[in-house]
Amino acid sequence: MPWKETKDPYKIWVSEIILQQTRVAQGKDYYLRFINQFPDIDSLASAEQTEVLKQWEGLGYYSRARNLQQAAQDIIHRFNGVFPTKYDDIISLKGIGPYSAAAISSFAFEQPYAVVDGNVQRVLSRHFEILLAIDSTEGKKRIALLAQKLLDKKQPAQFNQAIMDFGALICTPKAPKCETCPLSKSCRALKNNIVKEIPFKSKKVKKTDRFYYFFLIHKEDHIVIQRRPNIGIWAGLHELPNIESHSALSHAEILSKINFEEKKSIKLIHSIQHKLTHLNLNITLYHLINSSQYKCHKNQRLEKVSELSTFAFPKPLKNFLDIFFMNNI
DNA sequence: TAATCGTGGTG
DNA sequence: TCACCAAGATT
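Quantities reported herein were computed from a predicted structural model and do not represent experimental measurements.

This paragraph deals with the domain arrangement of chain A. Taken domain by domain, chain A comprises domain 1 (2-197) and domain 2 (208-326). Taking the mean C-alpha position of each, domain 1 and domain 2 sit 36 Å from one another. At the boundary of domain 1 with domain 2, total buried surface from both sides reaches about 900 Å², with 53% on carbon and sulfur atoms. Interface area lost by domain 1 to domain 2 is led by Lys54, Glu57 and Tyr62, which between them contribute 50%.

Now the structure itself:
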């Protein structure tokens, strides 16, 4: 892992943000490209937000990218452009919570702060048979205190890396390798045969439906694009003009909501469903065939198809645009 | 506290 | 196929 070959707090910081809720295999190439494009705090702080989001395109949880840049600008102003070394200063930065602050403090500065991520929650809750939900305040507190107590204060970086690796390789979520586990003798969950029951959560995420009807408005070698608002899903990314709804809309309802001149020339070209962690996404794409009369709104712009790769789009839209224009050139 | 925020891998 | 969840944080 390339971020393990450095003590540069900036690079360690970037790697930790990228790896939040993200697998190493998925984040590795993003890390290399991001560091190449923004090699230090100054280059990140002074970049255009659209550039930063472009580097993040396809990685998800896009507030991470915007918070990363905001924190870089914050470091310029509050810490003279030098990454802070105190835990309290580190955790005060946008996008850095308890896990990332402990990770940076230990990996970059060898300070005695125990990381608590999904791996650590799993390892400790099993080994010590903690029968508290890991998404409860009490459960989190118990595990955090335990991790901090267990931490080897003389080599916190190595300890933190080891316990996370242990969770990722041995004490895995499903089919943990208890037969060859070096801690099997002292594991209380294994002793009581409840390894697969731990850890557990108390809350159930209820999924909501969301419907997007996107319009591909095509004028010769240009299409109409716009930017998403700075809140909500895919905040700050580019997209196509659309209608959003919490329920399915009929074709007639869609036509009644749009103010295009040539309603009859709207053709459905693509319909897909996505299951996200917290919502069911239904995306329908329409093609406005004869759109020579279309006039852009203030928040919209005509952009050359050949320039679309310079903008960050949500993954479902990028997939569609890539295929559509590859087959139509 | 609970809801929200993406994408991809896994059994 | 589908629920689960991965180096979590914010509001």
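Let's shift gears to the nonpolar core. Here is a general trend for soluble globular proteins: nonpolar side chains tend to be buried in one another's company. The biggest cluster of nonpolar side chains holds 81 residues, and the ones touching the most others in it are Tyr10, Trp13, Phe34, Trp56 and Ile223. When residues in this core are grouped by element, the largest group, seven residues, is from helix α7 (residues 98-109). When residues no more than four places from it in sequence are discounted, the contact partners of Phe34 are Tyr10, Val14, Leu44, Val52, Gln55, Trp56 and Leu68. With 13 residues, the next largest nonpolar core counts Ile217, Val224, Ile258 and Tyr286 among its residues.

As a further point, take the packing of helix α8 (residues 118-127) against helix α9 (residues 137-150). The N-to-C vectors of α8 and α9 enclose an angle of 85°; their axes lie 10 Å apart at closest approach. In terms of orientation, α8 lies roughly perpendicular with respect to α9. Packed against α8, whose contacting residues are Val120, Gln121, Leu124 and Ser125, the element α9 presents Ile143, Leu146, Ala147 and Leu150 at the interface. A breakdown of the residues in the contact of α8 with α9 according to their chemical character gives six nonpolar, two polar and no charged.

This part takes up the protein's contact with DNA strand B. Around DNA strand B, the surrounding shell holds 23 residues, and the nearest of these are Tyr62, Thr137, Trp234, Thr277 and Lys315. Restricting attention to atoms of DNA strand B within 4 Å of the protein, one finds that 60% of them are sugar or phosphate atoms. Here a phosphate oxygen of DNA strand B and a backbone polar atom of Trp234 are 2.3 Å apart. Side-chain polar atom of His278 to a phosphate oxygen of DNA strand B: 3.0 Å apart, as the coordinates give it. Grouping the constituent residues of the surface near DNA strand B by class yields nine nonpolar, nine polar and five charged.

About the criteria used
- Residues numbered from 1 in each chain as written.
- Chains lettered and ligands numbered in written order.
- Predicted model: local features only at pLDDT ≥ 70, side-chain atom pairs only at ≥ 80, totals over all residues.
- Heavy atoms only, no water.
- Domains from an automatic or database assignment.
- Buried area = accessible area lost by both parts, 1.4 Å probe.
- Core = buried A, V, L, I, M, F, W, Y, C linked by side-chain atoms within 4.5 Å.
- Buried < 20%, exposed > 50% of the residue type's maximum accessible area, 1.4 Å probe, protein only.
- Helix = DSSP H or I, 4+ residues; strand = E, 2+ residues; numbered from the N terminus.
- Contact = heavy atoms within 4.5 Å.
- Axes fitted to C-alpha atoms, helices over the stretch in contact; angles between N-to-C directions.
- Parallel < 35°, antiparallel > 145°, perpendicular 65-115°, else oblique.
- Nonpolar A, V, L, I, M, F, W, Y, C, P; charged D, E, K, R; others polar.
- Near = heavy atom within 4 Å.
- Polar contact = N/O pair within 3.5 Å; in protein donor to acceptor, adjacent residues only side chain to side chain.

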